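Understanding the architecture of this molecule
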Amino acid sequence: MRISVIRTKLIYTITLGMFLMTAGLMQAQEAEQQTYKVPMSKLELESGDSIVFLGDSITHQCLYTQYVEDFFYTRYPKIRLKFHNAGVGGAKAWDALARFDRDVAAYKPKYVTILLGMNDGQYQPFNQEIFQTYYNDMKELITKIEAINAKPILMTPTMFDARAARMGTRKRDPSAVELYNSVLAYYGTWLREVAAESGFGFVDMYGPLNNITIAARQKDPNFTIIRDAIHPNAPGQVVMAFALLSDMNVKRQVSRITISEKANGEPAAVARGGKLTDLVYGEDGVSFTWLADSLPWVVPQEAQLGAELTKLGHRMSQEALSIHGLPAGRYELTIDDAVVGQYSNTTLAQHIELQGNSKTPQYQQAMKVALLNKERNDGPVKDKRNSWRAFQQFARIKRKLDAEEGEKNTQKLEGLQKQLAGQEKTIQESEAAALALEDKIYEVNQPVARKYVLKKVAAGKKQK
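As the structure is a prediction and not an experimental result, all values here were calculated from the model. (Residues numbered from 1 in each chain as written. Predicted model: local features only at pLDDT ≥ 70, side-chain atom pairs only at ≥ 80, totals over all residues. Heavy atoms only, no water.)

Here we take up helix H16 (residues 423-444). If you check H16, its first and last C-alpha atoms are 32 Å apart, about what 22 residues at 1.5 Å a residue would give, namely 32 Å. Among all positions of H16, only Gln 423, Ile 427, Ser 430, Ala 434, Leu 437, Glu 438, Ile 441 and Tyr 442 are buried. Along the long axis of H16, the arc covered by the buried residues comes to 145°, so they all point the same way. Along H16, the residues that are exposed and aim more than 90 degrees away from the buried face are Lys 425 and Glu 443. For H16, the secondary structure elements touched by its buried residues are helix H3 (64-75), strand S2 (82-87), helix H5 (100-103) and helix H14 (361-402). (Helix = DSSP H or I, 4+ residues; strand = E, 2+ residues; numbered from the N terminus. Expected span 1.5 Å × (residues − 1). Buried < 20%, exposed > 50% of the residue type's maximum accessible area, 1.4 Å probe, protein only. Arc of directions from axis to C-beta. Contact = heavy atoms within 4.5 Å.)

Dropping the structure here:
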């Protein structure tokens with residue numbers, strides 16, 4: 001009996017020990033899991049928020065940044081955001097650190113997108129020492145961004161188009177041409193890991209550019225949207241803008257209107273993205289007034305190929321209209337008395353999309369926004385960015401001279417500083433000019449009520 005009691009106590013003790021050990025392991029695992037961060041999945045924006053686009057010459061081009069701005073100007077016309085392009089041609093991560101306080105922190109950003117790495121890899125096959133420099137400088141840059149309470153959005157370096165390099169006249173190291181796009185893929189994959197582990201935003205610029213290029217070359221082997229192998233042209237930069245907005249999960253649809261007739265003959269409408277009033281559903285068509293919340297996202301003519309390659313309108317700016325129950329035939333749609341198209345009753349029942357129709361007043365209004373913003377970026381924004389080229393040269397030379405000694409070096413630095421004496425004035429004047437154009441944008445970008453009229457057309461009548 002005594003042995004049985006001892007055995008029971010022993011079994012109980014072992015069982016309890018195993019239970020406590022298991023519970024302890026589970027608690028440790030739960031604690032470890034709780035330390036993992038969720039990567040940022042979308043932008044949370046309100047009026048007054050600032051976004052800084054930090055980068056090199058690809059950002060300095062003022063193109064993908066411009067198209068992203070166009071999106072926000074048209075999609076969120078009631079929200080006034082602050083945008084600052086902080087790209088400088090030839091920049092590496094260290095250069096961004098050198099100008100960080102005045103060119104990033106001074107704008108009190110909520111988000112900072114970072115597009116650096118193209119120059120950091122130094123256009124040669126993978127080199128561990130070169131990558132380590134990029135690694136260290138990017139880590140420091142991210143720390144600085146967090147220190148000003150901004151959220152980093154890490155973006156992969158863009159594509160190096162090896163085929164475009166081979167087709168060009170510039171002499172390049174064949175091994176670098178063959179391998180540099182792979183080097184950039186490595187840099188970008190590391191950035192994705194940093195973003196995932198640290199809870200930052202992440203944008204894949206590399207994948208869409210490469211994928212679109214490969215797909216297009218199935219029809220045209222000479223196709224490229226990066227003619228000099230490094231800098232995407234306007235259509236390529238639309239691909240970049242699309243990638244940024246898509247990966248940050250912004251609002252994709254402008255509006256969707258569905259109209260039908262009830263069994264009792266009364267019209268019915270379901271509408272998203274605005275307010276529909278004055279609906280009339282008659283034997284020969286439909287009419288209504290529509291006040292949208294936003295405008296479609298459009299880009300200037302030189303960038304239209306990028307809109308086609310990404311299916312930008314359908315995927316990021318859809319204005320859908322469907323009308324059910326119309327008698328068989330063709331119908332002409334006018335908006336504010338402007339004819340925008342003819343459609344069959346079956347097509348209207350499925351739905352039509354108007355965001356890419358240049359005849360609509362909404363498209364034309366959005367294009368005015370895009371052209372004003374193009375003027376803003378081609379003029380004062382680029383003027384300001386060009387002023388930073390001199391600073392970058394100064395910072396690099398100062399870094400080199402700081403490592404040396406001698407009175408002559410001090411004199412050289414003083415000379416360089418004199419060259420930068422007018423930079424702050426240039427920055428302030430450029431920002432004032434840019435703000436004046438932005439004020440005009442916010443006058444143009446406000447949606448207005450539009451009158452839609454759909455009428456059945458006589459057989460054989462062609463669209464003008």
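This part is about the environment of Val 52. You can see Val 52 is positioned in strand S1 (residues 50-55). Along the backbone, Val 52 and Ile 230 are 178 residues apart, and their C-alpha atoms lie at a distance of 22 Å. For Val 52, the contacting residues outside a window of four places in its chain are His 84, Ala 86, Asp 103, Val 104, Tyr 107, Pro 109, Tyr 111, Val 112 and Thr 113.

Among the five residues that make up strand S3 (residues 111-115), five are buried, leaving the element largely enclosed by the rest of the structure. On S3, burial covers both faces: Tyr 111, Thr 113 and Leu 115 on one face and Val 112 and Ile 114 on the other are all buried. As paired elements, S1 and S3 share five bridges and run parallel to each other. If you follow Val 52 over to S3, its bridge partner there is Val 112. Chirality of the crossover, the property in question, places the unit of S3, helix H6 (residues 128-147) and strand S4 (residues 151-155) among those that are right-handed. (Pairing = 2+ DSSP bridges. Right-handed = clockwise from strand over helix to strand, strands pointing away.)

Bringing the pattern of salt bridges into the picture now. All chains considered together, the criterion is met by 15 salt bridges. A salt bridge links Arg 450 to Asp 336, with the shortest nitrogen-to-oxygen separation between them at 2.9 Å. Placement of Arg 450 in strand S14 (residues 450-456) and of Asp 336 in the loop between strand S11 (330-335) and strand S12 (338-344) is noted, with a sequence separation of 114 residues between them. Residue class for Asp 336 comes out partly exposed when judged on its relative accessible area of 32%. Notably, a salt bridge pairs Glu 431 with Lys 384, separated by 3.1 Å at the nearest N-O pair. (Salt bridge = Lys/Arg side-chain N within 4 Å of Asp/Glu carboxyl O.)

This paragraph deals with the sheet that holds strand S7 (residues 267-272). Sheet architecture is open: four strands sit in the order S7-S6-S10-S13, paired in mixed fashion. The open sheet is flanked by S7 and strand S13 (352-353), the only strands paired with a single partner. Here strand S10 (residues 318-323) pairs with S13 via two bridges, running antiparallel. Paired with Leu 321 across the strands is Ile 352, a residue of S13.

On the surface, Lys 219, Arg 252, Lys 311 and Arg 315 cluster together into a positively charged patch. Within the element layout of this structure, Lys 219 appears in the loop between helix H9 (206-217) and helix H10 (234-247). With a relative accessible area of 81%, Lys 219 lands in the exposed category. (Patch = residues over 30% accessible without salt bridge, like charges linked within 9 Å, V, L, I, M, F, W, Y side chains within 5 Å. Areas by Shrake-Rupley, 256 points an atom, 1.4 Å probe, with all protein chains shown as cover. Lys, Arg positive; Asp, Glu negative; His and termini not counted. Charge placed at Lys NZ, Arg CZ, Asp CG, Glu CD.)

Purely geometric numbers; function is a separate question.
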